[in-house]
Amino acid sequence: MNNNIDKLKQATIREVDADGEQLQELSLKIHDNPELGLHEFKACEWLTKYLANRNFRIEREICEMPTAFRATYGKGKPRIGLLAEYDALPGVGHACGHSLICAIAVGAAAAAKKAADQYGGSVVVIGTPAEENYGGKIVMARKGAFDDLDAAILVHPDSVDIAAVPAIACQQMNVEFFGKAAHASANPAAGINALDAMILAFNNINALRQQIRSDGRIHGIITDGGQAANIIPEHTAGEFYVRAADDAYLDELLEKVLNCFVSAALATGARLEYKPDELRYAGMRSNITLAQLYVDNMRTVGREVMLALPVLTTNLFSTDMGNVSHRTAAIHAMVSIAPPGISPHTAEFASAAGSDSGFKGMNDAAKAVAMMIVDLLSNKETMKKVRTEFEQGK
Ligand SMILES: [Zn+2]
């Protein structure tokens, strides 16, 4: 390895260690003060203060979101973006460990300043609110928040170590059937049954399920099933999610699901209203060059990381990081902070996120990401490889 780069990497490791106590304090403070998406005011304040104290230039309320921010160190390109999530879940607090994601981002960014000083380019932390309840990055991606980045890196706590996690595309939708009320015993023939339409729609979807690819997911609930048992239901409503590994197959599935609703309406005479949510989660397009850098640098700090997972038939999820990956080269890595079997969104995972194993994961990941920045800013060939892979994947 080039001697100068090696020295710089060792310096970033020392930097993360020197800041370790403050990083842990910052993460724990956010962990112990959980805030829901779009209301992460304290977290946003503490994170920007941390970065401002380390000479990052802060822009607040970017993309017209009060708890989004952008913090920049250095000048011009290449511009490496570290994405920070800091929203919590209702009831279970930081059970997804986002209090560690943001600490990894700011810790790595601060440690990588020397790389920008020596080789030029910028280190950018982007505070991205409301991953859990809103899909904040979908809105930010639409507004171009990631378009000037040459790479975007996010490390999420989990119970496994993986550099490139697949995430599948997802479209949410609201469905309503409008029928006609009538006395269910005295005069049922005068009614149009909106609940029958909803039940037929579920049955149609169940029939469709056998013929879809194993990465397809269709799931829904009824939110209005009628008004009284002795009235033919005049209105029913439901919420559905349709998911698939890639956007093209998601489009295909959506058309088939729509046919399930349309035919249910036809069969019963009810009128259908179908509203896809305006925020659609894109499938994750992982940049394998970035993922390999993460694996190599994690090895330096003593962690063996799996490069990538194929899209499995279990553990499928969607994240707004998928939308970022269509705008710039990106990875969504996982750092293990809990024993296998303890998964995010549980009380056990929330305590792991505030424990020594959480802070160990945070430290290791911050060091690896800081060293990735050294690689990306110091080596034009590596940066070019990342960009070429992204452009070819379009
Ligand atoms: Zn999460």
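Just so you know, these numbers come straight off a predicted model, no measurement behind them. (Residues numbered from 1 in each chain as written. Predicted model: local features only at pLDDT ≥ 70, side-chain atom pairs only at ≥ 80, totals over all residues. Heavy atoms only, no water.)

Moving on, we come to the overall build of the protein. A tally of regular secondary structure across the protein gives 13 helices and twelve strands. In terms of overall dimensions, the protein is globule-like: its C-alpha atoms have a radius of gyration of 24 Å, near the 21 Å expected for 394 residues. Within the span of the protein, comprising 394 residues, buried residues form 54% of the whole. Sequence separation of at least 24 residues holds for 79% of the intrachain contacts in the protein that already meet a minimum separation of 6. (Helix = DSSP H or I, 4+ residues; strand = E, 2+ residues; numbered from the N terminus. Rg over C-alpha atoms; globule rule 2.2 N^0.38 Å. Buried < 20%, exposed > 50% of the residue type's maximum accessible area, 1.4 Å probe, protein only. Contact = heavy atoms within 4.5 Å.)

Geometry of a packed helix pair, given as the angle between the helix axes and the separation of the axes. The N-to-C vectors of helix 9 (residues 288-300) and helix 13 (residues 380-393) enclose an angle of 135 degrees; their axes lie 8 Å apart at closest approach. When the axes of helix 9 and helix 13 are compared, the pair comes out oblique. Contact with helix 9, carried on its side by Ile-288, Thr-289, Leu-290 and Leu-293, involves Thr-382, Lys-385, Val-386 and Glu-389 of helix 13 and no other residues of that element. Residues that form the contact of helix 9 with helix 13 fall into these classes: four nonpolar, two polar and two charged. (Axes fitted to C-alpha atoms, helices over the stretch in contact; angles between N-to-C directions. Parallel < 35°, antiparallel > 145°, perpendicular 65-115°, else oblique. Nonpolar A, V, L, I, M, F, W, Y, C, P; charged D, E, K, R; others polar.)

As a further point, take the domain arrangement of the protein. Looking at the assigned domains, one finds that the protein contains domain 1 (3-167 + 283-393) and domain 2 (169-281). Computed over C-alpha atoms, the centres of domain 1 and domain 2 are 38 Å apart. Of the roughly 1,100 Å² buried between domain 1 and domain 2, counting both surfaces, carbon and sulfur atoms make up 53%. Counting across the domain 1 and domain 2 interface gives one salt bridge. Taking the shortest distance from any N to any O, the salt bridge between Glu-278 and Arg-142 comes out at 3.9 Å. Where domain 1 packs against domain 2, one counts three residue pairs in polar contact (both at pLDDT 80 or more). (Domains from an automatic or database assignment. Buried area = accessible area lost by both parts, 1.4 Å probe. Salt bridge = Lys/Arg side-chain N within 4 Å of Asp/Glu carboxyl O. Polar contact = N/O pair within 3.5 Å; in protein donor to acceptor, adjacent residues only side chain to side chain.)

Our next topic: helix 12 (residues 356-378). Counted at 1.5 Å a residue, the expected span for helix 12 with its 23 residues is 33 Å, and the 33 Å between its end C-alpha atoms agrees. Among the 23 residues of helix 12, 20 are classified as buried, and the element is accordingly described as predominantly covered. (Expected span 1.5 Å × (residues − 1).)

Before going further, it helps to examine the coordination of the zinc ion. Those donors, Cys-96 (SG), His-98 (NE2) and His-156 (NE2), are the protein atoms that reach the zinc ion, and they lie 2.1 to 2.2 Å from it. Within one chain, the residues donating to the zinc ion are spaced in sequence as C-x1-H-x57-H. One end of the pair, His-98, is in helix 4 (residues 98-111); the other, His-156, is in strand 5 (residues 151-158), with 58 residues separating them in the sequence. In terms of burial, His-98 and His-156 fall into one category: buried. (Donors = N, O, S within 2.8 Å, 3.2 Å for Na, K, Ca; no water.)

Moving on, we get to the packing of aromatic side chains. All told, the structure shown has five aromatic pairs when counted by the stated rule. Look at Phe-69 and Tyr-86: their rings are 6.0 Å apart centre to centre, the planes differ by 15 degrees, and that puts the pair in the stacked class. Remark: Tyr-86 occurs in the loop between strand 3 (79-84) and helix 4 and Phe-69 occurs in strand 2 (residues 69-75); sequence separation between them is 17 residues. Across this residue pair, the class does not change: Phe-69 and Tyr-86 are buried. Considering the side-chain rings of Phe-202 and Phe-240, the 5.2 Å spacing of their centres and the 45 degrees angle between planes classify their relative orientation as tilted. Of the two residues, Phe-202 is situated in helix 7 (residues 194-209) and Phe-240 in strand 9 (residues 235-244); the sequence distance between them amounts to 38 residues. On the basis of relative accessible area, Phe-202 is assigned to the partly exposed category, the value being 24%. Residue classification places Phe-240 among the buried positions, given a relative accessible area of 1%. (Phe/Tyr/Trp six-rings, centres within 6.5 Å; stacked < 30°, edge-to-face > 60°.)

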